[in-house]
Amino acid sequence: MIRKILKFILPKKLFQKIEEESKKWFMVCDCGYSISCWDAGGIRAGAASYKKKVAGHCPNCKKIKFFSLVKKV
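First things first, this report covers the structure right here in the doc.

**Looking at the overall build of the protein chain**
Argument step 1. When helices and strands are counted, the protein chain shows two helices and four strands.
Argument step 2. Along the chain direction, N to C, the helices and strands of the protein chain fall in the order α-α-β-β-β-β.
Argument step 3. With respect to the three principal axes, the spread of C-alpha positions in the protein chain is 40 × 25 × 15 Å.
Argument step 4. Counting across all 73 residues of the protein chain, residues that qualify as buried make up 21%.
Argument step 5. For the protein chain, restricting intrachain contacts to residue pairs at least 6 apart in sequence, the fraction spanning at least 24 positions comes to 45%.

Quick look at the structure:
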């Protein structure tokens, strides 16, 4: 929902920049499963986190876990 609102109110180039940045950030589970924040439905732009964790359900190991956020360039 937040992405739809941002897409509506932000200039196209800025929204595309946010999308590109979000696609570089991945949520990584201990089992090895990873998904980009954008594909998971989130937004991650202008962030420089170190060892940040977010809760989520891993479809690979079928458990609710804390995912590490990692930026892949």
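**Examining the packing of aromatic side chains**
Argument step 1. All chains considered together, the criterion is met by one aromatic pair.
Argument step 2. Look at Phe15 and Trp38: their rings are 5.9 Å apart centre to centre, the planes differ by 70 degrees, and that puts the pair in the edge-to-face class. Taken together, the residues Phe15 in helix H2 (residues 12-24) and Trp38 in the loop between strand E2 (34-36) and strand E3 (53-58) connect sequence positions 23 residues apart.
Argument step 3. Positioned above the aromatic ring of Trp38, the side-chain terminus of Arg3 is 3.9 Å from the ring centre.
Argument step 4. Positioned above the aromatic ring of Phe26, the side-chain terminus of Lys72 is 4.7 Å from the ring centre.

**Some points on the side chain of Ser22**
Argument step 1. As for its placement among the helices and strands, Ser22 is situated in helix H2.
Argument step 2. Apart from the residues within four sequence positions on either side, Ser22 is in contact with Ser36, Cys37, Trp38, Gly42, Ile43, Arg44 and Ala45.

**A closer look at a nonpolar patch on the surface**
Argument step 1. A cluster of nonpolar side chains, contributed by Met1, Ile2, Ile5, Phe8, Ile9 and Ile43, occupies part of the molecular surface with about 700 Å² of accessible area.
Argument step 2. One can find Ile5 in helix H1 (residues 2-9).

What counts and how
Residues numbered from 1 in each chain as written. Predicted model: local features only at pLDDT ≥ 70, side-chain atom pairs only at ≥ 80, totals over all residues. Heavy atoms only, no water. Helix = DSSP H or I, 4+ residues; strand = E, 2+ residues; numbered from the N terminus. Buried < 20%, exposed > 50% of the residue type's maximum accessible area, 1.4 Å probe, protein only. Contact = heavy atoms within 4.5 Å. Phe/Tyr/Trp six-rings, centres within 6.5 Å; stacked < 30°, edge-to-face > 60°. Lys NZ or Arg CZ within 6 Å of the ring centre and 35° of its normal. Patch = residues over 30% accessible without salt bridge, like charges linked within 9 Å, V, L, I, M, F, W, Y side chains within 5 Å. Areas by Shrake-Rupley, 256 points an atom, 1.4 Å probe, with all protein chains shown as cover. Salt bridge = Lys/Arg side-chain N within 4 Å of Asp/Glu carboxyl O.

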